[in-house]
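# Examination of the molecular architecture
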Amino acid sequence: MRKSGILLHISSLPGKYGIGSFGKAAYHFVDKLKAAKQSYWQILPLGPTSYGDSPYQSFSTFAGNPYFIDLEQLIEEGLLTKKECDNIDFGTDLKKVDYKKLYEGRFELLHKAYERAKVYEDDKFADFVYENSKWLWDYALFMALKDYFNGEPFNTWPKDIRERYDYAINYYREKLYFDIEFYQFLQYKFDEQWKKLKAYANENGVEIIGDIPIYVAMDSADTWAHRELFQMDEEGKAVAVAGCPPDGFAPDGQLWGNPLYNWGYHRDTGFKWWIKRLRKNFENYDVIRIDHFRGFDEYYSIPAENETAAGGHWEKGPGIELFNKIKERLGDCKLIAEDLGYVTDSVRRLVNDSGYPGMKVLEFAFDSRDTGSANDYLPHNYTRNSVVYTGTHDNETVMGWLDDITEKEYDMVLAYFNLKKSDKKTEVCDALIRAAMGSVSDTCIIPIQDYLHYDHRYRMNTPSTIGKNWMFRLTENEIDENTWKNIKYLTELYGRG
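Everything numeric here is computed off the predicted structure, so don't read it as measured data.

Scanning the protein chain from N- to C-terminus turns up 19 helices and 12 strands. Scaling as 2.2 N^0.38, a compact globule of 497 residues should have a C-alpha radius of gyration of about 23 Å, and the protein chain matches this with 23 Å. Principal axes of the C-alpha set define a box for the protein chain whose edges measure 70 × 50 × 40 Å. Contacts in the protein chain between residues at least 24 apart in sequence constitute 74% of all its contacts with a sequence separation of at least 6. Within the structure as shown, the protein chain displays about 21300 Å² of accessible surface, and the carbon and sulfur contribution to it stands at 48%. Between the centroid of the 62 positive side chains of the protein chain and the centroid of its 79 negative side chains there is a distance of 4 Å.

Structure representation (structure tokens):
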């Protein structure tokens, strides 16, 4: 069945308190998606963000971001007051997230909520901690230790706790008892609010497309607690790290810095950790997009001491063996393979053998900086088992991209869509949206910025840069009724929804 949806991260929703949340604006967005006949709401990873505020660099692959806990629901529960929330300075620009002020103000409020919650009297809290104990205890202790050691990465902690000696674990669990319980409380409220919002979306015919990074962050509960899963030395330092080789967008490549997997260990354990990871994420999402899918075929390995990605090399990943095990243990999961970038025949084979839909990005069809095959992204070459986008969170908005490409490339766009030089760029943007919606791809996802004709100022992320990303926010009623009517019109016109 042909379906369509919108890409908009939780952080980009409107709201009073500095960042989008699981509050009223999220429920309103679901209502609008339903009215516009949209089947999907695609978001970015929901994990707690670390250095650089990227949802792809998280302190845990199992935990949720406490920034998304709706403060107004905590007010209704009597855990906070409106005055307390209104008195916090979250910044004056409602169209951008100020992460510094968010960090300083949000945790102050969440601590007050925890202190008033009396979780020791809450059986549901106790059940949540027990049911999630396999990851929650390590995560909560890790975060409490991060605070205790002034935010320093775990590989700089004293050896006894860095190496997780039993006596050190027991000592800090007792010493930091209430700090650990605070982080457990945050996960409890996150889970409670997110499950409620997801259920509302599902009841209204909207499924959630989630997103999980292929890798975990170097400084995370995952690496601290389970070093055996990764290519790390005895000191807790990565031997080799992840990234991408140089291309037209990044001359030095992309140095992500994530530790690479010890795939031999994963294979020997029947990919147990991956099964557990996906099972947990399918509690949060209906469909999962796996970022950097090509890394399962071959992954780019960069010596940890390198300052750029230029000196790396390719190594073989687990291939189809991993996905056969996933299907054996979890059944026919709804996964999307993010097969973008430098795509080889073996990557194409892996995507095809897995049966998962791959991704098509219209911008890549006309941009010479893309190192993939442009023909793969031209609509007349699509197959039904694919998900088409105008662009993703890592790309320019269509309007920004049209300003950025060369004149020759722009002329190719005009020719392909039978447009004229005199046509407005907004009309060119609309032509790309129509091409995506009208394509044979079973699923079409459009970033909300493209429906709104927003330029580069509203881009979500520029890879390999820090300090200006993940900030984009909508204000209340910014998506007007005419935009929603147009989305519905295109959805019905092209037989989606």
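Picking up where we left off.
A word on the pairing of strand E12 (residues 443-447). Within E12, five of the five residues are buried, leaving the element largely enclosed by the surrounding structure. Here E12 shows two buried faces, one formed by Thr 443, Ile 445 and Pro 447 and the other by Cys 444 and Ile 446. Strand direction decides the pairing type here: strand E1 (residues 3-7) and E12, joined by five bridges, are parallel. Pairing of Ser 4 across the sheet is with Cys 444, part of E12. As judged from the three bridges shared by strand E11 (residues 386-389) and E12, these two strands associate in the parallel manner. When the bridges of E12 are listed, Tyr 389 appears paired with Ile 445.

Another point: the side chain of Ser 441. In this structure, Ser 441 sits in the loop between helix H17 (425-438) and E12. Classification of Ser 441 by relative accessible area gives buried; the value is 0%. Polar side-chain contacts of Ser 441 include one of 2.7 Å to the side chain of Ser 386. Excluding its chain neighbours within four sequence positions, the residues that come into contact with Ser 441 are Arg 2, Tyr 382, Thr 383, Arg 384, Ser 386, Val 388 and Arg 496.

Pairing within the open sheet is antiparallel, and its four strands lie in the order E5-E4-E7-E8. Taken across any chain shown, the strands that pair with only one partner, and hence form the sheet edges, are strand E5 (254-259) and strand E8 (313-316). When the angles between neighbouring strand axes are averaged without regard to direction, this sheet yields 50 degrees.

As a packed pair, helix H12 (residues 272-284) and helix H13 (residues 320-330) sit with axes 10 Å apart at the nearest point and diverge in direction by 55 degrees. Overall, the two elements H12 and H13 adopt an arrangement that is oblique. The interaxial crossing formed by H12 with H13 has right-handed handedness. In this structure, H12 contributes Trp 274, Ile 275, Leu 278 and Arg 279 to the contact, and H13 contributes Leu 322, Lys 325, Ile 326, Arg 329 and Leu 330.

The next thing to look at is unusual backbone geometry. Excluding glycine, a negative phi dihedral is what most residues carry, and trans is how most peptide bonds are arranged. Here His 292, not a glycine, exhibits a phi torsion of approximately 55 degrees, which is positive. Look at His 453: it is not a glycine, yet its phi comes out positive at around 60 degrees. Counting through the fold element by element, His 453 comes out in the loop between helix H18 (448-451) and helix H19 (481-493).

What counts as what
Residues numbered from 1 in each chain as written. Predicted model: local features only at pLDDT ≥ 70, side-chain atom pairs only at ≥ 80, totals over all residues. Heavy atoms only, no water. Helix = DSSP H or I, 4+ residues; strand = E, 2+ residues; numbered from the N terminus. Rg over C-alpha atoms; globule rule 2.2 N^0.38 Å. Contact = heavy atoms within 4.5 Å. Areas by Shrake-Rupley, 256 points an atom, 1.4 Å probe, with all protein chains shown as cover. Lys, Arg positive; Asp, Glu negative; His and termini not counted. Charge placed at Lys NZ, Arg CZ, Asp CG, Glu CD. Buried < 20%, exposed > 50% of the residue type's maximum accessible area, 1.4 Å probe, protein only. Pairing = 2+ DSSP bridges. Polar contact = N/O pair within 3.5 Å; in protein donor to acceptor, adjacent residues only side chain to side chain. Axes fitted to C-alpha atoms, helices over the stretch in contact; angles between N-to-C directions. Parallel < 35°, antiparallel > 145°, perpendicular 65-115°, else oblique. Left-handed = near helix turned anticlockwise from the far one by under 90°.

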